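Given next are the chains, with one letter for each unit.
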Amino acid sequence: MDHMQWSEEEEAAARKKVEENSATRVAPEEQVKFESDANKYWDTFYQTHKNKFFKNRNWLLREFPEILPVDQNAKEKVEESSWDQIRSNFSRMQGTEAHCGESCVSSAPGNKGRPNFPNPDLEEHSEGPGKTGRFPGSNATFRILEVGCGAGNSVFPILNTLQNFPGAFLYCCDFAPEAVRLVKSHASYTEARCSAFVHDVCDDGLAYPFPDGVLDAILLVFVLSSIHPGRMQAVVHRLSRLLKPGGMLLFRDHGRYDNAQLRFKKGRCLSENFYVRGDGTRAYFFTKGEVHRMFCEAGLHEKQNLVDHRLQVNRKKQVVMHRVWVQGKFQKPLHWTQRGNE
Ligand SMILES: C[S@@+](CC[C@H](N)C(=O)[O-])C[C@H]1O[C@@H](n2cnc3c(N)ncnc32)[C@H](O)[C@@H]1O
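Residues numbered from 1 in each chain as written. Predicted model: local features only at pLDDT ≥ 70, side-chain atom pairs only at ≥ 80, totals over all residues. Heavy atoms only, no water.

Enquirer: With reference to specific residues and values, describe the sheet that holds strand β8 (residues 282-284).
Expert: In spatial order, the strands read β6-β7-β8; together these 3 strands make up an open sheet with antiparallel pairing. This sheet does not close on itself; its edge strands, each paired only once, are β6 (269-271) and β8. Direction aside, the axes of adjacent strands within the sheet are offset by 30 degrees on average. Across 2 bridges, β6 lies against strand β7 (residues 274-276) in antiparallel orientation. When the bridges of β7 are listed, C269 appears paired with Y275. (Pairing = 2+ DSSP bridges. Helix = DSSP H or I, 4+ residues; strand = E, 2+ residues; numbered from the N terminus. Axes fitted to C-alpha atoms, helices over the stretch in contact; angles between N-to-C directions.)

Shown next, in the form of structure tokens:
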């Protein structure tokens with residue numbers, strides 16, 4: 001069943017499970033390594049699973065049409081070609097671990113009518129990184145960044161569709177070198193349309209391979225949840241600087257009381273709603289209110305923010321899981337001020 005709601009009893013039962021599994025916390029001295037070696041745990045994850053763990057995020061373009069440039073002709077071409085394929089992949093994913101693909105949240109108005117704001121940041125940085133004025137994607141008219149791209153499960157569906165948009169360029173980064181290696185070694189990876197790089201978004205001192213204020217869209221899909229809650233706000237602030245005025249930050253991640261949260265055993269909780277898995281990778285479970293506060297605090301305007309509840313059937317294991325995701329779209333205004341960071 002799609003878009004189901006919790007009954008009061010279900011919500012109370014979920015709350016009780018979370019109270020139980022978070023009653024015992026991982027000792028603070030043990031937690032240190034999960035933060036300092038976070039990229040190593042993820043790197044080992046990709047060395048183990050390669051690109052076989054996550055399913056392709058073929059639902060992305062349906063949920064986030066903002067990742068396509070405003071180009072009506074090309075848009076029509078996409079609708080004719082890839083859309084059907086996206087749709088058939090999408091229906092094949094039903095009932096599988098590719099949970100978020102099942103969302104049928106009605107899309108926002110999309111890129112139609114997206115304001116074409118002037119870009120003061122870009123002018124300020126017209127010399128570009130290294131003062132050469134040239135950087136990967138410098139000739140592009142539409143630029144997207146995917147943060148925490150993993151093995152490319154979003155990258156390749158996007159690149160496939162961007163073939164219809166000659167002016168578009170995709171950046172993608174991950175702090176796990178093995179993930180970036182997997183992306184770069186994929187047969188569909190091309191430096192003419194894409195630049196993958198190793199980057200830790202929590203490290204404020206690290207430069208990006210492009211200037212601030214040049215991105216039309218940033219994709220944060222199941223990545224913020226793996227970052228320490230105390231560092232998330234600074235990450236969102238920094239990413240907001242990279243957007244053009246009018247640019248969109250697109251977010252989808254685990255929601256509070258998702259089945260994945262309820263399944264954690266006692267002794268895996270790091271702090272409220274933040275857990276560590278057996279492989280050392282971590283997961284936070286968001287409420288809609290937290291998502292609202294975090295992105296608005298960074299000076300972005302909320303265009304969408306919803307909780308997506310669904311029942312997911314795992315036929316193999318014969319279990320029904322109550323999945324919860326939060327999805328949001330936040331736009332950088334023309335007169336942007338970084339509220340919390342001044
Ligand atoms: C749950 S996976 C999601 C991967 C991909 N976004 C997807 O949806 O398939 C989280 C990803 O975020 C990356 N990640 C976590 N913290 C990061 C950080 N501080 N900087 C860059 N990448 C990070 C991890 O290496 C991992 O690839």
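Enquirer: Now, about the environment of A168: what can you tell me, with residues and values included?
Expert: When you line up the elements, A168 lands in strand β2 (residues 168-174). Placed 28 residues apart in sequence, A168 and A140 show a C-alpha to C-alpha distance of 5.6 Å. Excluding residues that lie within four positions of it along the chain, A168 makes contacts with P69, F142, L162 and R193. (Contact = heavy atoms within 4.5 Å.)

Enquirer: Any chance you could break down the site of the ligand for me, citing the residues and the numbers?
Expert: Lining the immediate environment of the ligand, one finds 20 residues, of which Y46, G148, D174, D200 and V221 sit closest. Contact between the ligand and D174: an oxygen atom at 2.6 Å from a side-chain N or O atom of the residue. Interatomic distance of 2.8 Å between a side-chain N/O atom of D200 and a nitrogen atom of the ligand. Protein burial of the ligand: of its 590 Å² of free accessible surface, 97% is covered by the chains. For the shell around the ligand, a count of residues per class yields 12 nonpolar, 4 polar and 4 charged. (Near = heavy atom within 4 Å. Polar contact = N/O pair within 3.5 Å; in protein donor to acceptor, adjacent residues only side chain to side chain. Areas by Shrake-Rupley, 256 points an atom, 1.4 Å probe, with all protein chains shown as cover. Nonpolar A, V, L, I, M, F, W, Y, C, P; charged D, E, K, R; others polar.)

Enquirer: Break down the pattern of salt bridges for me, with residues and values.
Expert: Applying the stated criterion across every chain, the model contains 16 salt bridges. Across the salt bridge formed by K16 and E20, the nearest N and O atoms sit 3.4 Å from each other. Pair noted here: K16 and E20 are both in helix α1 (residues 8-21), with a separation of 4 residues, about one helical turn. The exposure class of E20 is partly exposed, given its relative accessible area of 38%. Among the salt bridges present, the one from K329 reaches E66, with a minimum N-O distance of 3.1 Å. A residue pair is termed long-range when its members are at least 10 positions apart, and K329 in strand β10 (residues 319-331) and E66 in the loop between α4 (60-63) and α5 (72-80) qualify at 263 residues. Overall, the relative accessible area of 1% leaves K329 in the buried class. For E66, a relative accessible area of 3% gives the class buried. (Salt bridge = Lys/Arg side-chain N within 4 Å of Asp/Glu carboxyl O. Buried < 20%, exposed > 50% of the residue type's maximum accessible area, 1.4 Å probe, protein only.)

Enquirer: If you had to explain the packing of aromatic side chains to someone new, which residues and values would you point to?
Expert: Evaluated as defined, the whole model comprises 21 aromatic pairs. Centre to centre, the rings of F274 and Y284 are 6.3 Å apart; their planes meet at 50 degrees, and the pair counts as tilted. One end of the pair, F274, is in strand β7; the other, Y284, is in strand β8, with 10 residues separating them in the sequence. You can call F274 buried: its relative accessible area is 1%. Pairwise contacts between aromatic rings join F251, F274, Y284, F286, F295 and F330 into one cluster. Seen from the ring of W59, R252 lies directly overhead, with NZ or CZ sitting 5.4 Å from the centre. The cationic tip of K332 hangs over the ring face of W336; the distance from NZ or CZ to the ring centre is 4.2 Å. (Phe/Tyr/Trp six-rings, centres within 6.5 Å; stacked < 30°, edge-to-face > 60°. Lys NZ or Arg CZ within 6 Å of the ring centre and 35° of its normal.)

None of the figures reported here should be taken as evidence of function without further support.
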